[in-house]
Amino acid sequence: MSSDDLPAAPPRSPLRSLLFVPGHRTDWLPKARAAGADAVVLDLEDAVPAPDRPLARARVTDALAEAAAQPVGGMALFVRINPLDDWTAAEELRAVVRPGLAGVVLPKVRTRADVRLADRLIGWCEHEHGLPPGTTALVPLLESARALHDAYDIAATTPRVAYAGALTAPGGDVERAVGYRWSPEGTETLALRSRVLLDLRAAGAPYPVSGLWTDITDLRGLRAFAEQNRSLGYDGMMAIHPAHVPVINEVFAPNPEELDRCARLVAAVEAAQRDGVGALVFEGRMVDEAMAETARAVLARHGHG
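Residues numbered from 1 in each chain as written. Predicted model: local features only at pLDDT ≥ 70, side-chain atom pairs only at ≥ 80, totals over all residues. Heavy atoms only, no water.

Caption draft 1: The arrangement of the overall build of the protein in detail. Counting secondary structure elements, the protein contains 12 helices and 9 strands. Taken over the C-alpha trace, the protein has a radius of gyration of 20 Å; the compact-globule value for 305 residues is 19 Å, and the two agree within 12%. For the protein, the C-alpha atoms occupy an extent of roughly 70 × 45 × 40 Å along the three principal directions. Residues classed as buried in the protein amount to 47% of the 305 residues present. When contacts within the protein are restricted to residue pairs at least 6 apart in sequence, those whose partners lie at least 24 apart make up 71%. Of the roughly 14600 Å² that the protein leaves accessible, carbon and sulfur atoms contribute 55%. In the protein, 32 side chains carry a positive charge and 40 a negative one; their mean positions are 1 Å apart. (Helix = DSSP H or I, 4+ residues; strand = E, 2+ residues; numbered from the N terminus. Rg over C-alpha atoms; globule rule 2.2 N^0.38 Å. Buried < 20%, exposed > 50% of the residue type's maximum accessible area, 1.4 Å probe, protein only. Contact = heavy atoms within 4.5 Å. Areas by Shrake-Rupley, 256 points an atom, 1.4 Å probe, with all protein chains shown as cover. Lys, Arg positive; Asp, Glu negative; His and termini not counted. Charge placed at Lys NZ, Arg CZ, Asp CG, Glu CD.)

Caption draft 2: Spatial organisation of the sheet that holds strand β7 (residues 236-239). The sheet built from 7 strands is open, its strands ordered β5-β4-β3-β2-β1-β7-β6 with parallel pairing. Whereas interior strands pair on both sides, the edge strands pair on one side only; in this sheet they are β5 (137-142) and β6 (209-210). In this structure, strand β1 (residues 17-22) lies alongside β7, joined through 3 bridges in parallel fashion. Within the sheet, the bridge partner assigned to S17 lies in β7 and is M237. Here helix α2 (residues 53-69) sits on the sheet and contacts β2 (39-43) and β3 (76-80); the angle it forms with β3, its principal contact strand, is near 160 degrees. (Pairing = 2+ DSSP bridges. Axes fitted to C-alpha atoms, helices over the stretch in contact; angles between N-to-C directions.)

Caption draft 3: Fine view of the packing of aromatic side chains. A complete count under the given rule lists 4 aromatic pairs for this structure. With centroids separated by 5.8 Å and ring planes inclined at 80 degrees, the aromatic side chains of F78 and Y163 adopt a geometry described as edge-to-face. With F78 in strand β3 and Y163 in the loop between α6 (151-156) and α7 (173-178), this residue pair connects regions lying 85 residues apart in the sequence. Both rings, one in W213 and one in F225, keep their centres 5.8 Å apart while their planes meet at 35 degrees; by these two values the pair is tilted. Of the two residues, W213 sits in the loop between β6 and α9 (219-232) while F225 sits in helix α9, which places them 12 residues apart along the sequence. A relative accessible area of 3% means that F225 is categorised as buried. Cluster of aromatic residues (ring-pair linked, three or more members): F78, Y163 and Y207. (Phe/Tyr/Trp six-rings, centres within 6.5 Å; stacked < 30°, edge-to-face > 60°.)

Caption draft 4: Spotlight on the pairing of strand β4 (residues 103-109). By the criterion of burial, β4 is predominantly enclosed, with 6 of the 7 residues buried. As defined by bridge partners, β3 adjoins β4 across 3 bridges and the pair is classed as parallel. By the bridge assignment for β4, V79 is matched with V104. Once you follow β3 into helix α3 (residues 87-96) and on to β4, the crossover reads as right-handed. By the bridge criterion, 5 bridges tie β4 to β5 in an arrangement that is parallel. The partner of G103 across the bridge, within β5, is A137. Tracing the backbone out of β4, into helix α4 (residues 112-128) and back to the parallel element β5 gives a crossover that is right-handed. (Right-handed = clockwise from strand over helix to strand, strands pointing away.)

Caption draft 5: View of the environment of D199. Along the polypeptide, D199 turns up in helix α8 (residues 190-203). Residues D199 and Y152, spaced 47 residues apart in sequence, show a C-alpha to C-alpha distance of 4.6 Å. Filtering out sequence-adjacent residues up to four positions away, D199 remains in contact with L148, H149, A151 and Y152.

Quick look at the structure:
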């Protein structure tokens, strides 16, 4: 089944920054909110020591219940579960798919079969809690060579996949799987991130996100890496420290000058069209309806449409 044959997904919002927070440290949520994170990923997997995982699940479900009872605007809550290799992750899904949850982050994805299983289990959980079908987004982490190769098929499996991308942190699962040697410049992963992005766009995933930058104090390097990902076409990045959030948010949001230029470009093209002119010179460049449509999309996405 292609993405064109699947039911439409509910509207979702672009996310500039998705900040990981260990599930047993939900007391850090105020710091994430203060940093301005668009979303938090409460982690039940690698960031939680095995003895603390029952505690983490309890604290995450409490945080979701609190978010559902007293919604706080501006920060969505996601949960990274464990891989769907046994009943542990299925039990985690049943615990966290409830009001207050924006989405599930699924690690160690290998093929679209993993996504199809997660989609079905999430659907059952939504039904159990009276949530509309498709409410919960699904973020498959492409951490193996097979998953990266099959990015299109994985993203096209279900409309739940709104946020996905190539995560290329130094020393992580992807470096081990592919065999590259990470550098701050990212030249060794540029082609990989570009191809995955194209696959996701072709599959209809609306808001691809990249990541991670693991050097906590190197904000200059973070900015350069974020700007490279933004230039490729990603809409946001995952982060592991609150100090990274303001930089990521700034990179992945247009500044007032860019928004003003978009508004002026649209006005100029529409004025020319009323005079029967299709293309015109705008601030030294040839523009037409295609450029105006792109500018309208930018304005609409950032609340200026």
